[in-house]
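Each chain, letter by letter, is given below.
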Amino acid sequence: MTTRAEKTLTMIREVCALGRAELDRPRTAEGDATAGRTLVDGLRAVDPSGEPSDISLSLGLLAPRAPYFDRLVLNAVAAGTRQVVNLGAGYDDRALRFRHSGVRFFDLDLPDVVADKARRLRTLDTDVSHVTLDTDVSHVTLAAVDFATGDVADVLARAGHDAAQPSLFIAEHLVLFLRPYDVERLLAGISTRTAAGSTLALTAEVHPAGLDSSLVVSTVDDVMFDGAGPLRGIRTRDAWLTLLEQHGWQVEDAAGTTAVDHFRLPVDGTTVQIQTQFLTAAAA
Ligand SMILES: C[S@@+](CC[C@H](N)C(=O)[O-])C[C@H]1O[C@@H](n2cnc3c(N)ncnc32)[C@H](O)[C@@H]1O
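Below: a short report on this structure. Owing to the predicted nature of the structure, the values given are computational and were not obtained by experimental measurement.

Considering the overall build of the protein chain
- If you tally the helices and strands in the protein chain, you get nine helices and nine strands.
- Taking 19 Å as the expected radius of gyration for a compact globule of 284 residues, we find that the protein chain reaches 18 Å, a close match to that expectation.
- Dimensions along the principal axes, computed over C-alpha positions, put the protein chain at roughly 55 × 45 × 35 Å.
- Counting across all 284 residues of the protein chain, residues that qualify as buried make up 52%.
- Accessible surface, the protein chain: about 12,300 Å² in total, of which carbon and sulfur atoms supply 51%.

Some details on the site of the ligand
- By nearness alone, 21 residues border the ligand, and Arg20, Gly88, Asp109, Asp146 and Glu172 come closest of all.
- Between the ligand and Gly88 there is a distance of 2.8 Å, counted from a nitrogen atom to a backbone nitrogen or oxygen.
- Contact with the protein chains hides 97% of the accessible area of the ligand, taken as 590 Å² for the molecule alone.
- Here the shell around the ligand is built from residues that sort into 12 nonpolar, three polar and six charged.

Comments concerning the nonpolar core
- One finds Leu87, Leu108 and Phe147 to be the most contacted residues of the largest nonpolar core, which totals 32 residues.
- Listed in part, the 26 residues of the second largest apolar core include Ala35, Leu142, Leu168 and Ala201.

Some points on helix H1 (residues 4-20)
- For H1, which comprises 17 residues, the first-to-last C-alpha distance of 24 Å matches the rise-based estimate of 24 Å (1.5 Å per residue) to within 8%.
- Where burial is concerned, most of H1 is hidden: 12 out of the 17 residues are buried.
- Along H1, the residues classified as buried are Ala5, Thr8, Met11, Ile12, Arg13, Glu14, Val15, Cys16, Ala17, Leu18, Gly19 and Arg20.
- Contact partners of the buried residues in H1: helix H3 (56-79), helix H4 (94-97), helix H5 (111-123) and helix H8 (213-225).

Comments concerning the pattern of salt bridges
- Taken as a whole, this structure holds 16 salt bridges when the rule is applied.
- Between Glu172 and Arg20 there is a salt bridge whose closest N-O contact spans 3.5 Å. Pair noted here: Glu172 is in the loop between strand S4 (168-171) and helix H7 (180-191) and Arg20 is in helix H1, with a separation of 152 residues, a long-range link. Like Glu172, the residue Arg20 is buried in the burial classification.
- Of the charged contacts, one joins Glu184 and Arg235 as a salt bridge, the two residues approaching to 3.9 Å between their closest N and O atoms. On the criterion of sequence distance, the pair formed by Glu184 in helix H7 and Arg235 in strand S6 (residues 234-235) is long-range, its members being 51 residues apart.
- Of the residues examined, Glu184 reaches a relative accessible area of 32% and is grouped as partly exposed.
- Counted as one network, the salt bridges with shared partners bring together Arg20, Arg25, Arg65, Asp70, Asp92, Asp93, Arg94, Arg97 and Glu172.

Observations regarding the pairing of strand S5 (residues 199-206)
- Of all the eight residues making up S5, eight are buried; the element is thus mostly covered by neighbouring parts of the structure.
- As judged from the four bridges shared by S4 and S5, these two strands associate in the parallel manner. Paired with Leu168 across the bridge in S5 is Thr199.
- Handedness of the crossover is the feature at issue here: the chain leaves S4, passes through H7, returns alongside S5, and the resulting connection is right-handed.
- Note: S5 against strand S9 (residues 270-283), eight bridges, orientation antiparallel. Directly across from Thr199, in S9, lies its bridge partner Ala282.

Some thoughts on the packing of H1 against H3
- For the pair H1 and H3, the least separation of the axes is 10 Å and the interaxial angle reads 70°. What the angle tells us is that H1 and H3 run roughly perpendicular. Helix-helix and strand crossings are classified by hand; for H1 and H3 the assignment is right-handed. On H3, the residues that touch Val15, Cys16, Gly19 and Arg20 of H1 are Ser58, Leu59, Leu62, Arg65 and Ala66.
- Split by residue class, the contact of H1 with H3 holds five nonpolar, two polar and two charged.

What counts and how
- Residues numbered from 1 in each chain as written.
- Predicted model: local features only at pLDDT ≥ 70, side-chain atom pairs only at ≥ 80, totals over all residues.
- Heavy atoms only, no water.
- Helix = DSSP H or I, 4+ residues; strand = E, 2+ residues; numbered from the N terminus.
- Rg over C-alpha atoms; globule rule 2.2 N^0.38 Å.
- Buried < 20%, exposed > 50% of the residue type's maximum accessible area, 1.4 Å probe, protein only.
- Areas by Shrake-Rupley, 256 points an atom, 1.4 Å probe, with all protein chains shown as cover.
- Near = heavy atom within 4 Å.
- Polar contact = N/O pair within 3.5 Å; in protein donor to acceptor, adjacent residues only side chain to side chain.
- Nonpolar A, V, L, I, M, F, W, Y, C, P; charged D, E, K, R; others polar.
- Core = buried A, V, L, I, M, F, W, Y, C linked by side-chain atoms within 4.5 Å.
- Expected span 1.5 Å × (residues − 1).
- Contact = heavy atoms within 4.5 Å.
- Salt bridge = Lys/Arg side-chain N within 4 Å of Asp/Glu carboxyl O.
- Pairing = 2+ DSSP bridges.
- Right-handed = clockwise from strand over helix to strand, strands pointing away.
- Axes fitted to C-alpha atoms, helices over the stretch in contact; angles between N-to-C directions.
- Parallel < 35°, antiparallel > 145°, perpendicular 65-115°, else oblique.
- Left-handed = near helix turned anticlockwise from the far one by under 90°.

In structure tokens:
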């Protein structure tokens with residue numbers, strides 16, 4: 001039986017993919033710019049009550065977010081990084097859009113998402129016939145994991161990720177769906193797969209300083225999701241920076257902020273702006 005939280009997560013995953021497919025985006029010389037549209041073919045993005053979700057509402061959030069992560073992947077590939085690990089990849093098409101000889105993409109997500117993505121990849125009219133769950137060793141490897149219960153380090157090792165070589169790890173719109181403890185476990189697992197020269201880029205949901213994070217999360221849940229509980233990770237910027245530092249990541253340009261306003265809501269009688277901040281960190 002699918003919970004409301006799972007239905008909400010499915011909707012948000014599909015909204016992200018459908019919204020990004022509307023944007024004009026770059027590709028590598030070997031990349032496939034049409035893959036994103038084909039990958040999302042037939043997705044419907046309905047809310048938990050079965051009503052269609054308004055994709056256009058997501059475009060304001062995706063307009064700065066998608067190019068931020070696109071640029072990181074392009075830069076990493078150009079700089080010689082040979083492994084791109086996409087954590088909570090959903091229907092992200094970057095493995096196809098930024099295909100580059102010698103670069104391996106690892107797309108990690110929940111088992112049902114990975115299974116559906118694998119099915120969709122097989123139907124693409126591109127050279128992805130080698131894609132298989134967890135076993136691919138050439139260009140794209142899809143790997144199933146639940147970050148709340150699984151061991152990401154083990155999953156990456158089994159997927160053929162080389163911990164001795166630098167990686168670009170990206171987690172776009174993922175950690176807000178994980179409980180604080182699971183984010184820490186994920187970062188701890190990643191740190192065991194991180195070679196010098198690696199980069200981690202993620203979106204972090206940020207609330208202003210001076211508020212209790214668990215109160216913010218529970219208020220967001222009540223006000224926006226009727227207690228369904230999909231959003232779990234909202235912290236202050238300093239808390240995110242400290243957490244990353246504790247796991248061996250030094251955030252670039254920590255004094256500056258790259259962000260998009262996500263939503264506003266009343267918390268404890270005050271209107272609070274929640275931002276999605278884009279953080280890029282180098283392995284310390
Ligand atoms: C909002 S979607 C974003 C997907 C993709 N990064 C993008 O920007 O389109 C969040 C993704 O994180 C995945 N996710 C959430 N919780 C997860 C968990 N516990 N383990 C693995 N993946 C998870 C979801 O399945 C979903 O695909």
